[in-house]
Structure formats: structure tokens, C-alpha cells
Amino acid sequence: AQSVTQLDSHVSVSEGTPVLLRCNYSSSYSPSLFWYVQHPNKGLQLLLKYTSAATLVKGINGFEAEFKKSETSFHLTKPSAHMSDAAEYFCVVSDLYGGATNKLIFGTGTLLAVQP
Amino acid sequence: DAGITQSPRYKITETGRQVTLMCHQTWSHSYMFWYRQDLGHGLRLIYYSAAADITDKGEVPDGYVVSRSKTENFPLTLESATRSQTSVYFCASSAQGISSGNTIYFGEGSWLTVV
């Protein structure tokens, strides 16, 4: 069965320092993986996605994530945090072969705080 | 403006009342979804629709009804609201199925409180 685990519920960084949000997944097949960001009182916005092409995926706003099959991880990183990055981040996995109906499995989210 | 719009954005209702959350998208996407977001659970799929007049249950469908008479609309109805249905509801759409790794686009959410 598919699952996704976000290892930290809260992460706090200082502005200008690197961001690391950790995500591990479990999937029976070759997964598609996504990171979404949710700002307060807003919907979810796609940051980036992995669909079996390059393992290092670049997204919007300077974020990137690396798919590591051996570690079943898809950690989100950014070299330098900005105040506007403060938000909740969701790691999401889907079944590439559609065997589990058309649905995404969401992690429980990581709340990123950026201190001035 | 193009995109997904949800209405109402905020709603307070009483236990036992019927509530309908509306969702409208302007992209002519085939797939539409309803999720609920609760603390500690992330987002969970309630219902989805692959095309007009085709709907199917997700993970947590009990107490909800959907319809899709037109491609652009996907209303979600709580037939008899309960306090456990207090949540934030997100409508979403996608041009193709999730299993193809296609991007899913979310509305801004509807905050529902059942008292």
C-alpha cells in the first residue's frame, strides 16, 4: 500500500539559511511524487513533481527535491529561506499505474516558520 | 479569471442541516475531486469524478453526496451535517487522471463549521 511520511511536523529556520523538509514514501510501483505548498487560508499550490524522469527536480521559488529510490525519500530543499516561504508543505505520492484508483496520498504536512 | 472557484468560502451551519459546497472550474478539466483537510490527517479524498455524470467514492465518502451534470461544476452536498464534518474542504481538478502523474489544481478552500 502507498503511504507518505513527513518526518517533521514543524521546521523553523532563519531567513537566508537552507531549508530541508523531509519526506519518505512507500509505494508498490514506480511512484509519482509531488510537493505542494499551502499558505494561510489559501489552496494548495504545486511546487514540483517527480514522474520517473530526472531524479533531481527543480520547482518554483527556488525549491528542489531529489528522488532517492534506495532511501525511498523525496526531500525538499532550498538554499536560502525567504520570509515568504513560511507556509505548510505537503509531500504527496500517487500510483503511476493507476491500480489504486485515481487518488493522491498526502502526508500530514510540515509547517515551515522563517525567522527574521 | 480562469481557475477553480469554491463557494461559499466560509460557512457555519447547524447539525442536521443540508449544506452544499459549490465548485466551478474554467479549464474544462475532465477530473474533479473533493478533499477534506483535518489536523493530523493531511488531505483525504471524499469523492472524485472522471467526467460528467461519472463519480466515484474516495477514502471518506460517508455522509456526502456529489453530482456532476456539467463538466465545469462539481457540487458537494452534506445531506445532514454532523459536527465531525467540520473541516476545510478543497475542490480540485486535473486534465487527466492522477495515476498519470498529472498536475492537480486546487481551489482556495471552503471552511465549514457545524455547530
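Quick caveat: nothing in here was measured; it's all calculated off a predicted structure. (Residues numbered from 1 in each chain as written. Chains lettered and ligands numbered in written order. Predicted model: local features only at pLDDT ≥ 70, side-chain atom pairs only at ≥ 80, totals over all residues. Heavy atoms only, no water.)

Caption draft 1: Local environment of the pairing of strand E11 (residues 110–114) of chain B. Residue and element names in this part refer to chain B. Here E11 shows a clear split, with Ser110, Leu112 and Val114 buried on one side and none of Trp111 and Thr113 buried on the other. Summarising the sheet, strand E2 (residues 10–13) and E11 pair through four bridges and their orientation is parallel. The partner of Lys11 across the bridge, within E11, is Leu112. With three bridges connecting them, strand E9 (residues 87–94) and E11 associate as antiparallel partners. Within E11, the position partnered with Val88 by the bridge is Trp111. (Buried < 20%, exposed > 50% of the residue type's maximum accessible area, 1.4 Å probe, protein only. Helix = DSSP H or I, 4+ residues; strand = E, 2+ residues; numbered from the N terminus. Pairing = 2+ DSSP bridges.)

Caption draft 2: The sheet that holds strand E3 (residues 19–25) of chain B, seen in detail. Residues and elements named next belong to chain B. Overall, antiparallel pairing links the four strands, which are arranged E1-E3-E8-E7 in an open sheet. Each of the sheet's edge strands pairs with one partner strand only, and the pair in question is strand E1 (4–7) and strand E7 (64–66). Within the sheet, the average angular offset between the axes of one strand and its neighbour, ignoring direction, is 20°. Pairing geometry for E1 and E3, over four bridges, is antiparallel. (Axes fitted to C-alpha atoms, helices over the stretch in contact; angles between N-to-C directions.)

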